[in-house]
Amino acid sequence: MLIIGLTGSIATGKSTVSSLLSFPPYHLPIIDTDLLARKVVEPGTPGYKAIVDYFGPTTPDLLLPAASPNDPSSSTTKTTPHLGRPLNRPALGRRIFGTDASRTRDREVLNKIVHPAIRREIYKSILYYYVRGHWAVVLDVPLLFESGMDLMCGVVMVVGVKDPKVQMERLRARDAHLSVQEAEDRVRSQGDVSGKVERAEWRGEGWGVVVWNDGDKKELEGEEEEEEEEEEEEGGGWWTWLLWLVPPVAVLVAGWDLGRNFWLKKEWEKKERGRKVKL
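Quick look at the structure, then. The structure presented is a predicted model; accordingly, all values stated were derived computationally and were not measured.

### A few points about the overall build of the protein chain
Here's step 1: Within the protein chain one finds 13 helices and 5 strands.
Here's step 2: Classification of the 279 residues of the protein chain by burial places 44% in the buried group.
Here's step 3: For the protein chain, restricting intrachain contacts to residue pairs at least 6 apart in sequence, the fraction spanning at least 24 positions comes to 74%.
Here's step 4: Of the roughly 15400 Å² that the protein chain leaves accessible, carbon and sulfur atoms contribute 59%.

The following block contains the structure:
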């Protein structure tokens, strides 16, 4: 089964591409890590309790207000935070998005809480779709390279925009409650999309795909359709059936892909170190 890693920066159109791939004619299953990130921090989960324990004492509005005075969660939050109210995500976002030292530290703490739980959900989902005989699955991860999840992907698809102004305009139109500074902080927290584009192209033709999305949805559909047809031609057919019917072959192919991706990662890091030395 081909794992297509889908990434980009905030407001570049990654979710739109993900939606297009899930509908006809592709019908590809989507593993959306944003949705998984919400799932693993729902009230009652270990992730939720860890977040409340760390951020709660210094973030008074970390939890959403009780629905009513009779809401049981309003009286249990202090004594049993794992049974409390849902997280106030904008308040948590203000704690972690930014480039100063405190926000960087808090973002690292949050990632250490959430990422292991998300990875477990990802592995379970991949196994589920493999058993059901899907030829490919889309792994939608905003921080694909940063988290190291590109290692498990046969193909990486980056959705980018060439004009940063387009990205900021889309973000503020989508999330009107964000100030200019908050929008800029969120864009910076996910990294420069041009770096992700360069890293995808470093993987080589057929292994790294770039979809530019500076135009409207119609233009995006045309470019995305062309790229996906090429992937389907390479990944579908008898090869998919062989991998599904003969698991040892699938394991060998997965191991080879992982080894190649690991080598590419090391070569990229070597290249980046050389570039920094020249600076």
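Text resumes after the structure shown.
### A short note on the pattern of salt bridges
Here's step 1: For the structure on display, the rule yields 13 salt bridges.
Here's step 2: Arg 95 serves as the salt-bridge partner of Asp 106, at 2.8 Å between the closest nitrogen and oxygen. Note that Asp 106 is positioned in helix 6 (residues 101-131) and Arg 95 in helix 5 (residues 89-96), a separation of 11 residues in sequence.
Here's step 3: The class of Asp 106 is buried, set by a relative accessible area of 4%.
Here's step 4: For Glu 121, the salt bridge identified is with Lys 124, shortest N-O distance 3.4 Å. One end of the pair is Glu 121 and the other is Lys 124, both in helix 6 and 3 residues apart, which spans about a single turn.
Here's step 5: The structure contains a network of salt bridges with shared partners spanning Lys 39, Glu 121 and Lys 124.

### Thoughts on the packing of aromatic side chains
Here's step 1: Counting across every chain of the model gives 4 aromatic pairs.
Here's step 2: Residues Tyr 128 and Tyr 129 carry aromatic rings whose centres are separated by 5.1 Å and whose planes lie at 70 degrees to one another, so their mutual orientation is edge-to-face.
Here's step 3: Judged by centre distance (5.9 Å) and plane angle (50 degrees), the ring pair of Trp 207 and Trp 256 falls under tilted. Of this pair, Trp 207 sits in the loop between helix 10 (193-202) and strand 5 (208-212) while Trp 256 sits in helix 13 (residues 247-278); the two residues are 49 residues apart in sequence, bridging distant segments of the chain.

### A look at the sheet that holds strand 2 (residues 30-32)
Here's step 1: Pairing in this open sheet of 5 strands is parallel, and the strands run 2-3-1-4-5 from one edge to the other. Every other strand in the sheet has two partners, leaving strand 2 and strand 5 as the edge strands with one partner each. Taken over all neighbouring pairs, the strand axes of this sheet differ in orientation by 20 degrees on average, direction set aside.
Here's step 2: Sheet topology note: the strand 1 (residues 2-8)/strand 3 (residues 136-140) ladder contains 5 bridges and is parallel. Opposite Leu 2, over in strand 3, you have Ala 136 as the bridge partner.
Here's step 3: In the packing of helix 6 onto the sheet, contacts are made with strand 1, strand 2 and strand 3, and the angle to strand 2 comes to roughly 175 degrees.

The rules we used
- Residues numbered from 1 in each chain as written.
- Predicted model: local features only at pLDDT ≥ 70, side-chain atom pairs only at ≥ 80, totals over all residues.
- Heavy atoms only, no water.
- Helix = DSSP H or I, 4+ residues; strand = E, 2+ residues; numbered from the N terminus.
- Buried < 20%, exposed > 50% of the residue type's maximum accessible area, 1.4 Å probe, protein only.
- Contact = heavy atoms within 4.5 Å.
- Areas by Shrake-Rupley, 256 points an atom, 1.4 Å probe, with all protein chains shown as cover.
- Salt bridge = Lys/Arg side-chain N within 4 Å of Asp/Glu carboxyl O.
- Phe/Tyr/Trp six-rings, centres within 6.5 Å; stacked < 30°, edge-to-face > 60°.
- Pairing = 2+ DSSP bridges.
- Axes fitted to C-alpha atoms, helices over the stretch in contact; angles between N-to-C directions.

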